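Analysis of the macromolecular model
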Amino acid sequence: MHALQKFGEALIALPKDALKRMPMPEDLDNAVREARRITDHEGKRRQLQYVGKVMRSLIEDEIVAMRR
């Protein structure tokens, strides 16, 4: 669970062009883009937790494809 949340933090920190090339489901893409937009500390923390939740719902193959 924590590893996926750390991976979610890495996704949020990616440059825009790298994020566009990342093969991810639409709901995860929306959550990551929303997290990048939020500037409030508490709001960003909660959105990051949501990104982790969405990532836990993915199948292993999708996670492996994103890590490559």
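1. Some details on the overall build of the protein
From N to C terminus, the protein includes five helices and zero strands. For the protein, the α and β elements follow one another from N to C terminus as α-α-α-α-α. In summary, the protein has a C-alpha radius of gyration of 11 Å against a globular reference of 11 Å for 68 residues, a match within 12%. Taking the principal axes of the C-alpha coordinates as reference, the protein spans close to 35 × 25 × 20 Å. Relative to its 68 residues, the protein shows a buried fraction of 37%. Here the contacts in the protein between residues at least 6 apart in sequence split such that 52% fall between residues at least 24 apart. Of the roughly 4,700 Å² that the protein leaves accessible, carbon and sulfur atoms contribute 51%. Across the protein, 14 positive and 11 negative side-chain charges occur, with their mean positions spaced 4 Å apart.

2. A few points about a negative patch on the surface
A cluster of acidic residues, E26, D27, E60, D61 and E62, forms a negative patch on the protein surface. At the level of elements, α3 (26-37) and α5 (60-67) are the ones that each hand at least two residues to the negative patch. Looking at the secondary structure, you find D27 in helix α3. We classify D27 as partly exposed; its relative accessible area is 39%.

Cut-offs and rules
Residues numbered from 1 in each chain as written. Predicted model: local features only at pLDDT ≥ 70, side-chain atom pairs only at ≥ 80, totals over all residues. Heavy atoms only, no water. Helix = DSSP H or I, 4+ residues; strand = E, 2+ residues; numbered from the N terminus. Rg over C-alpha atoms; globule rule 2.2 N^0.38 Å. Buried < 20%, exposed > 50% of the residue type's maximum accessible area, 1.4 Å probe, protein only. Contact = heavy atoms within 4.5 Å. Areas by Shrake-Rupley, 256 points an atom, 1.4 Å probe, with all protein chains shown as cover. Lys, Arg positive; Asp, Glu negative; His and termini not counted. Charge placed at Lys NZ, Arg CZ, Asp CG, Glu CD. Patch = residues over 30% accessible without salt bridge, like charges linked within 9 Å, V, L, I, M, F, W, Y side chains within 5 Å. Salt bridge = Lys/Arg side-chain N within 4 Å of Asp/Glu carboxyl O.

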